[in-house]
Amino acid sequence: MEIPDATALARDLAPTGVLRASINLGNPVLAQGTADAPRGITVDLAGEIARRLGLPVEFLCFDAARKSYEAMATDRADLCFLAVDPARETEIAFTAPYVHIEGVYAVPADSTLRAPEDVDRPGIRIGVKQGSAYDLYLTRTLRHATVVRGPEGVDVFHADKLEAAAGIRQPLTAHVADRPELRLIEPAFMTIRQALGTTKARHPETVRFLSETVAHLAASGFVAQALSRSGQNPALAAPTDQ
């Protein structure tokens, strides 16, 4: 893909001369490793964008999406990798999604809750990770159930003996697999569209470059290959005909 005026784009996107990428280690589908040595699809995407612009890259790692968002919103980061949500779109210009993951519920094995719509009832309390995509979604869409926030949704679910926990399918599935007293509710209650974002203060040409780059990397197989390298299902790559 041809890059129009890479020098001007680099100056606009990374005014410090270093591309600062906000990485959420709290989502194991998107990033793994440690703050000193992160890896995964988001690390690979940030590195490829930096390479195309001739920039060094710095990874700012956090344990929650809300912290990653705050770094972007307060100009401590130049790029972020977050789920698209109306509450975030006020500050962030997103590309098309590069990965689709699912939000699911876990409940006690003997729970009467059987389908996602059963969860939205009076008296039902749902544990969520504060500031996560599913926290934002459930806060916006639930009519009767109550969202209970904590550093980790499953922790507050257990500690407060809640009726349900919400989370990303992969880690919540692993959590339930070790606990026969729990089960997942199928199907998923939401699709989480993970995208690359930057602040809306960036020049439109910069946002266009990011959007076109992500689309090219998705279509070329880069995203699926990066997912596979990091031990994730390459089928999580978002469709390229969005």
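To be clear, the structure that these remarks concern was listed above.
What you see is a predicted model; the values in this text were computed from it and never measured. Note on numbering: residues in each chain are counted from 1, in written sequence order. In keeping with the model being predicted, local features are shown solely for residues with a pLDDT of at least 70 and side-chain atom pairs are shown and tallied solely at 80 or more, while totals for entire chains, interfaces and linings include all residues. Side-chain measures were taken over the full set of non-hydrogen atoms in the model, leaving aside hydrogen atoms and water.

A look at the overall build of the protein
Helices and strands together make up the secondary structure of the protein, namely 10 helices and 11 strands. We compute the radius of gyration from the C-alpha atoms alone; for a globule the expected value is 2.2 Å times N to the 0.38, where N is the number of residues. A compact globule built from 242 residues would reach a C-alpha radius of gyration of about 18 Å, and the protein, at 19 Å, matches this within 12%. Overall size of the protein, expressed as C-alpha extent along the three principal axes, is 60 × 35 × 30 Å. The contact rule is simple, with two residues in contact once any of their heavy atoms fall within 4.5 Å. Taking contacts inside the protein between residues at least 6 apart in sequence as the whole, the part at least 24 apart equals 70%. Averaging the coordinates of the 25 positive side-chain charges in the protein and doing the same for the 30 negative ones gives two points 2 Å apart. Each helix is a run of DSSP H or I of at least 4 residues and each strand a run of E of at least 2, with the numbering of both proceeding from the N terminus. For this count, His and the chain ends are skipped, Lys and Arg are scored as positive, and Asp and Glu as negative. By convention, the charge on Lys lies at NZ, on Arg at CZ, on Asp at CG and on Glu at CD.

Brief notes about unusual backbone geometry
A cis amide bond links Glu-186 with the next residue in sequence, Pro-187, at an omega value of 0 degrees. Along the chain, Pro-187 turns up in strand β11 (residues 182-199). Located in the positive-phi region is Asp-75, a residue other than glycine, with phi close to 65 degrees. Looking at where Asp-75 falls in the secondary structure, it is placed in the loop between α3 (65-73) and β5 (79-83). Look at Asp-75 and you get partly exposed, because its relative accessible area is 46%. Backbone geometry places Lys-161, a non-glycine residue, at a positive phi of 50 degrees. Position of Lys-161 relative to the elements: it lies in the loop between α7 (153-159) and β10 (164-168). Relative accessible area serves as the criterion here: at 66%, Lys-161 is assigned to the exposed category. Partly exposed residues are those whose accessible area sits between 20% and 50% of the maximum for their type, while under 20% is buried and over 50% is exposed, using a 1.4 Å probe and protein chains only.

Quick look at helix α9 (residues 204-219)
Take the residue count of a helix, subtract one, and multiply by 1.5 Å to get its expected span. Over its 16 residues, α9 extends 22 Å from the first C-alpha to the last, a length consistent with the 22 Å expected when each residue adds 1.5 Å. Among the residues of α9, those classed as buried are Thr-206, Val-207, Phe-209, Leu-210, Thr-213, Val-214, Leu-217 and Ala-218. Along the long axis of α9, the arc covered by the buried residues comes to 160 degrees, so they all point the same way. Pointing more than 90 degrees away from the buried face of α9 are the exposed residues Pro-204 and Ala-219. Considering only its buried residues, α9 is in contact with α1 (6-13), α2 (41-53), β5, β6 (92-94), β11 and α10 (222-229). In the stretch just after α9, Gly-221 is the one whose phi turns positive, near 95 degrees. Starting at the helix axis, one direction is taken to each C-beta atom, and the arc is that of these directions.

Remarks on the side chain of Glu-48
With respect to the helices, strands and loops of the structure, Glu-48 is situated in helix α2. A residue is classified by how much of its surface remains accessible, and Glu-48, at 12% relative accessible area, is buried. For Glu-48, the side chain forms a polar contact with the side chain of Arg-51, separated by 2.7 Å. The contact partners of Glu-48, leaving out residues within four places of it in the chain, are Leu-217 and Phe-222. Polar contact criterion, stated in full: a pair of N or O atoms within 3.5 Å, where within protein one must be able to donate a hydrogen and the other to accept it, and residues adjacent in sequence count only if both atoms are side-chain atoms.

Details of the pattern of salt bridges
We define a salt bridge as a side-chain nitrogen of Lys or Arg found within 4 Å of a carboxyl oxygen belonging to Asp or Glu. Summed over all chains, the structure comprises 15 salt bridges. In this structure, Glu-48 and Arg-52 form a salt bridge, with 2.8 Å as the shortest nitrogen-oxygen distance. Of this pair, Glu-48 and Arg-52 both sit in helix α2, 4 residues apart, roughly one helical turn. For the residue pair Glu-48 and Arg-52, the accessibility class agrees, reading buried in each case. With its nearest N and O atoms 2.8 Å apart, the salt bridge here joins Glu-186 to Arg-169. In this pair, Glu-186 is assigned in strand β11 and Arg-169 in helix α8 (residues 169-177), connecting sequence segments 17 residues apart.

Focus on the packing of α1 against α9
Every axis in this analysis is a line fitted to C-alpha atoms, fitted for helices over the stretch in contact. Angles between the N-to-C directions lie between 0 and 180 degrees. Look at α1 against α9: their axes get within 9 Å of each other, and the N-to-C directions meet at 100 degrees. With respect to α9, the element α1 is oriented roughly perpendicular. Counted together, Leu-9, Asp-12 and Leu-13 of α1 and Glu-205, Thr-206, Phe-209 and Leu-210 of α9 form the full contact between these two elements. In the contact of α1 with α9, the residues fall into 4 nonpolar, 1 polar and 2 charged. Angles below 35 degrees are treated as roughly parallel, those above 145 as roughly antiparallel, those between 65 and 115 as roughly perpendicular, and all remaining angles as oblique. Residue classes follow a fixed rule: Ala, Val, Leu, Ile, Met, Phe, Trp, Tyr, Cys and Pro count as nonpolar, while Asp, Glu, Lys and Arg count as charged, and any other residue, Gly among them, counts as polar.

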